[in-house]
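Geometric and topological summary
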Amino acid sequence: MDPFAAIASLFIAFLLTPCAQSFYLPGVAPQDFVKGDVLQVKVNKLSSTKTQLPYDYYFLNYCKPHNIMNSAENLGEVLRGDRIENSVYTFKMRQEQSCKVACRKQLNSESAKNFKEKIDDEYRVNMILDNLPVAVLRERRDGTQSTHYEHGFLVGFKGNYAGSKDNKHFIHNHLSFRVMYHKDLETDAARIVGFEVTPHSINHEYKGAWDDKNPQLVTCNKNMIQGSTNPQEVEKDKEVIFTYDVSFKPSDIKWASRWDTYLLMNDDQIHWFSIINSLMIVLFLSGMVAMIMMRTLYKDISNYNQLETQEEAQEETGWKLVHGDVFRPPINSSLLCVYVGNGVQFLGMTLVTMIFALLGFLSPSNRGGLMTAMVLLWVFMGLFAGYSSARLYKMFRGTEWKKNTLKTAFMFPGIVFSIFFVLNALIWGEKSSGAVPFGTMFALVFLWFGISVPLVFVGSYLGFKKAALEDPVKTNKIPRQIPEQAWYMQPVFSILIGGILPFGAVFIELFFILTSIWLNQFYYIFGFLFIVFVILLITCAEITIVLCYFQLCSEDYHWWWRAYLTAGSSALYLFLYSIFYFFTKLEITKVISGILYFGYMSIVSYAFFVLTGTIGFYACFWFVRKIYSSVKID
């Protein structure tokens, strides 16, 4: 097999494997447990799709161990508000326990109020065992027998007693854990491959006085299920006894495939067929655009090159007539250089991140890995931002390269960091664990000023040292007058039309990405995401080239900013789609949560604008240089 075929086969294998990201890389070793080994359940954040504000597990008056210890966190986990801590829930491998008491709590007015608020907002408790998140087993709505998991379990629920119309708050104070394990046939060791929980609300009763060492619960029995006793109400001065039981179940699932069930949460067939359908449409449109451009341009260039006299050339109309103005530097050329440089930085970050994701480095088991990789890659891509910005700035005959470099280093990240800082202040005001601590904020600023900015200067210095790009044709001293344009060639209309096709290439995949972010689900199909990204690149390039060609044929040579904005306008449609998604798919009611949603989506849209705009600009830049170097200019 030749190398190309081998690479193609490997790539296809990535795409056709439903859980391509559930494998593990060398160095991520499984842990073997023998019978009797201690298993420690760790607690994560409290999360809600209604508020989007995560809270620390111990924000509520749950049972606490004597010493609360935080597990080592990477940058991504901190930015996402993930705090992983130890808990009182401990048990031994393959030794079942029934109704073990965790602790007894007396609710005061504040703790009862906190519990009620979290129950109203449908908060879920997230726990981890051997790097597997706890999940609640649910039946699929279509009636199939396949396993369907929901992340975490609800803090509690609202209901009323028989004969009463008043809604009460009830807490899930009893947890029935079930641990699935895959046993080695040769040894007694086993590996954990599943972690499920069934929450119950039980108003526990006990005999006589409470004994911390050996409490005698009347309500504990092996057949305990929800509804067999009264539920535990949340109210001031109420006594809540937290209990749990553990069962173990052998499983045929191997350790390397244990994430498969967690990842198969969406309606997979709709996901796959929708993406394939979208890709086929965009590929067909791209092919049509490319074919039309090749035929039209070939005919134009042949006609122009066959003209023998200067008089015949002057009688011609179209894009050749503006050859003396097409490479005239645009208004605010320095700002264009800055945005192009930032776009190159973002493009490099996106490409490398997707390659890492395809190789499995950023699988869901690597918590916070995706966020960490994106931040660090963006920092190191500052070198390319400075280089590309300086090269373009020198071509425009700019002289203040240091000022241009400072704008490249500070403009885009400065705007994003300002929005992020305001949103973080709002999260901090809500006492949410999602607020980035001061130390982490300082680390981000250090990465920006200490690494990214110097790299931008290094790249800018290298780019400015190189000789400026020579234009294929000379620029006239006096600008040519632009004739009156038809309504459909007006800048605003042309730019808005240009953004539709790139957005159409990604909007179906965008739905799944937004769902994973805002509805607390895993996103793992990086193979499809990479294909969609490639299609986005092609679509941005082709639609910009087509509209640029029509613009030049109309003798309008102001194409520099138009090329950037044509592809970049797809970000406007992305933001409009996020508004539609907010009102149709989310149940956010709090004002702060709405501000957070639109704040973060504005950052995403701004980054998408810079990315797609840069792609469109470079495609148009290459196209214009190509066509004007292909014709005879006297």
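Residues numbered from 1 in each chain as written. Predicted model: local features only at pLDDT ≥ 70, side-chain atom pairs only at ≥ 80, totals over all residues. Heavy atoms only, no water.

In terms of regular secondary structure, the protein is built from 17 helices and 13 strands. Scored against the burial criterion, the 634 residues of the protein give a buried share of 51%. Looking at the protein alone, contacts between residues at least 24 apart form 81% of all its contacts between residues at least 6 apart. Taken as a whole, the protein presents about 31,300 Å² of accessible surface, with 61% of it coming from carbon and sulfur. (Helix = DSSP H or I, 4+ residues; strand = E, 2+ residues; numbered from the N terminus. Buried < 20%, exposed > 50% of the residue type's maximum accessible area, 1.4 Å probe, protein only. Contact = heavy atoms within 4.5 Å. Areas by Shrake-Rupley, 256 points an atom, 1.4 Å probe, with all protein chains shown as cover.)

All told, the structure shown has 51 aromatic pairs when counted by the stated rule. Ring geometry for Trp401 versus Tyr461: centroids 6.4 Å apart, planes at 50 degrees, classification tilted. Linking Trp401 in helix 10 (residues 401–429) with Tyr461 in helix 11 (residues 438–465), this pair joins segments that are 60 residues apart in sequence. Here Trp561 and Tyr564 contribute two aromatic rings whose centre-to-centre distance is 6.3 Å and whose plane-to-plane angle is 70 degrees, an arrangement assigned as edge-to-face. (Phe/Tyr/Trp six-rings, centres within 6.5 Å; stacked < 30°, edge-to-face > 60°.)

Despite not being glycine, Gln52 shows a phi value in the positive range, around 60 degrees. Within the element layout of this structure, Gln52 appears in the loop between strand 1 (38–47) and helix 2 (75–79). In the Ramachandran plot, Arg397 falls in the positive-phi region, its phi being about 65 degrees despite a non-glycine side chain. Structurally, the position occupied by Arg397 is in the loop between helix 9 (382–395) and helix 10. Given the relative accessible area of 60%, Arg397 is considered exposed.

Counting across every chain of the model gives 1 disulfide. Linked covalently through their sulfurs, Cys63 and Cys103 form a disulfide whose S-S length is 1.9 Å. Disulfide Cys63-Cys103: the torsion about the S-S bond is -80 degrees, which places it as left-handed. Of this pair, Cys63 sits in the loop between strand 1 and helix 2 while Cys103 sits in strand 3 (residues 97–106), placing them 40 residues apart in sequence. Since its relative accessible area comes to 3%, Cys63 is described here as buried. (Disulfide = S-S within 2.5 Å.)

Moving on to the pattern of salt bridges. A full pass over the atoms with the stated rule returns 13 salt bridges. Between Asp121 and Lys590 there is a salt bridge; the shortest N-O distance is 3.6 Å. Placement of Asp121 in the loop between helix 3 (109–120) and strand 4 (124–129) and of Lys590 in the loop between helix 16 (570–585) and helix 17 (591–628) is noted, with a sequence separation of 469 residues between them. (Salt bridge = Lys/Arg side-chain N within 4 Å of Asp/Glu carboxyl O.)

As a further point, take the packing of helix 14 (residues 526–553) against helix 15 (residues 560–568). At a minimum axis separation of 9 Å, helix 14 and helix 15 run at an interaxial angle of 140 degrees. By the angle between their axes, helix 14 is oblique relative to helix 15. The element helix 14 and its partner helix 15 pack so that their crossing is right-handed. Contact residues: helix 14 offers Cys540, Thr544, Leu547 and Gln551, while helix 15 offers Arg562, Ala563, Thr566 and Ala567. Here the residues of the contact of helix 14 with helix 15 are counted per class, giving 4 nonpolar, 3 polar and 1 charged. (Axes fitted to C-alpha atoms, helices over the stretch in contact; angles between N-to-C directions. Parallel < 35°, antiparallel > 145°, perpendicular 65-115°, else oblique. Left-handed = near helix turned anticlockwise from the far one by under 90°. Nonpolar A, V, L, I, M, F, W, Y, C, P; charged D, E, K, R; others polar.)

What follows covers helix 12 (residues 491–498). An α-helical segment advances 3.6 residues per turn. Residues three or four places apart therefore align on the same side. Taken together, the buried positions of helix 12 are Ser494, Ile495 and Gly498. Buried positions in helix 12, seen along its axis, are confined to an arc of 95 degrees and lie on one side of it. Residues of helix 12 that are buried sit in contact with helix 13 (500–518), helix 14 and helix 15. (Arc of directions from axis to C-beta.)

What follows covers a nonpolar patch on the surface. A grouping of Trp487, Tyr488, Phe493, Ile497 and Ile500 is seen on the molecular surface, where their side chains present a nonpolar patch of about 540 Å² in accessible area. In this structure, Trp487 sits in the loop between helix 11 and helix 12. (Patch = residues over 30% accessible without salt bridge, like charges linked within 9 Å, V, L, I, M, F, W, Y side chains within 5 Å.)

What follows covers the pairing of strand 1. Here strand 1 lies mainly inside the structure; 7 of its 10 residues are buried. Pairing of strand 1 with strand 2 (residues 85–92) involves 5 bridges; the strand directions are antiparallel. For Gln40, the partnering residue across the bridge sits in strand 2 and is Thr90. Pairing of strand 1 with strand 4, which is carried by 4 bridges, proceeds in the antiparallel orientation. For Leu46, the partnering residue across the bridge sits in strand 4 and is Val125. (Pairing = 2+ DSSP bridges.)

Next up on the list: the side chain of Ser460. Structurally, Ser460 is set in helix 11. Judged by its relative accessible area of 1%, Ser460 is buried. Ignoring anything within four residues of it in the chain, the contact list for Ser460 reads Gly386, Tyr387, Ala390, Trp401 and Thr405.

With respect to the helices and strands, Gln490 occurs in the loop between helix 11 and helix 12. What makes Gln490 partly exposed here is its relative accessible area of 35%. Considered as a pair, Gln490 and Gln551 are 61 residues apart in the sequence and their alpha carbons are 9.3 Å apart.

Chain-level statistics for the protein give a pLDDT mean of 82 and a share of 85% at 70 or above. Here residues 1–27 is a poorly scored stretch, pLDDT under 50, and it has 43 contacts once near neighbours within four places are set aside; other chains count. (pLDDT = per-residue confidence, 0-100.)

Bringing the packing of helix 9 against helix 10 into the picture now. Where helix 9 contacts helix 10, the two axes come as close as 10 Å, and the packing angle between them is 140 degrees. By the angle between their axes, helix 9 is oblique relative to helix 10. The chirality of how helix 9 crosses helix 10 is right-handed. Touching Ala385, Ser389, Ala390 and Tyr393 of helix 9 are Trp401, Asn404 and Thr408, all from helix 10. Residues belonging to the contact of helix 9 with helix 10 are distributed by class as follows: 4 nonpolar, 3 polar and no charged.

Glancing now at helix 3. In this model helix 3 runs 16 Å from its N-terminal to its C-terminal C-alpha over 12 residues, within 8% of the 16 Å that 1.5 Å per residue would give. Three or more residues of helix 3 are buried, namely Ser111, Ala112, Asn114, Phe115, Lys118 and Ile119. Taken down its axis, helix 3 places every buried residue within 160 degrees of arc, on the same side. Each element contacted by the buried residues of helix 3 is listed here: strand 9 (156–159), strand 10 (168–171) and strand 13 (239–250). With a side-chain oxygen lying 3.2 Å from the backbone nitrogen of Glu110, the N-terminal cap of helix 3 falls on Asn108. Remark: Glu122 follows helix 3 within two positions and exhibits a positive phi of approximately 55 degrees. (Expected span 1.5 Å × (residues − 1). Polar contact = N/O pair within 3.5 Å; in protein donor to acceptor, adjacent residues only side chain to side chain.)

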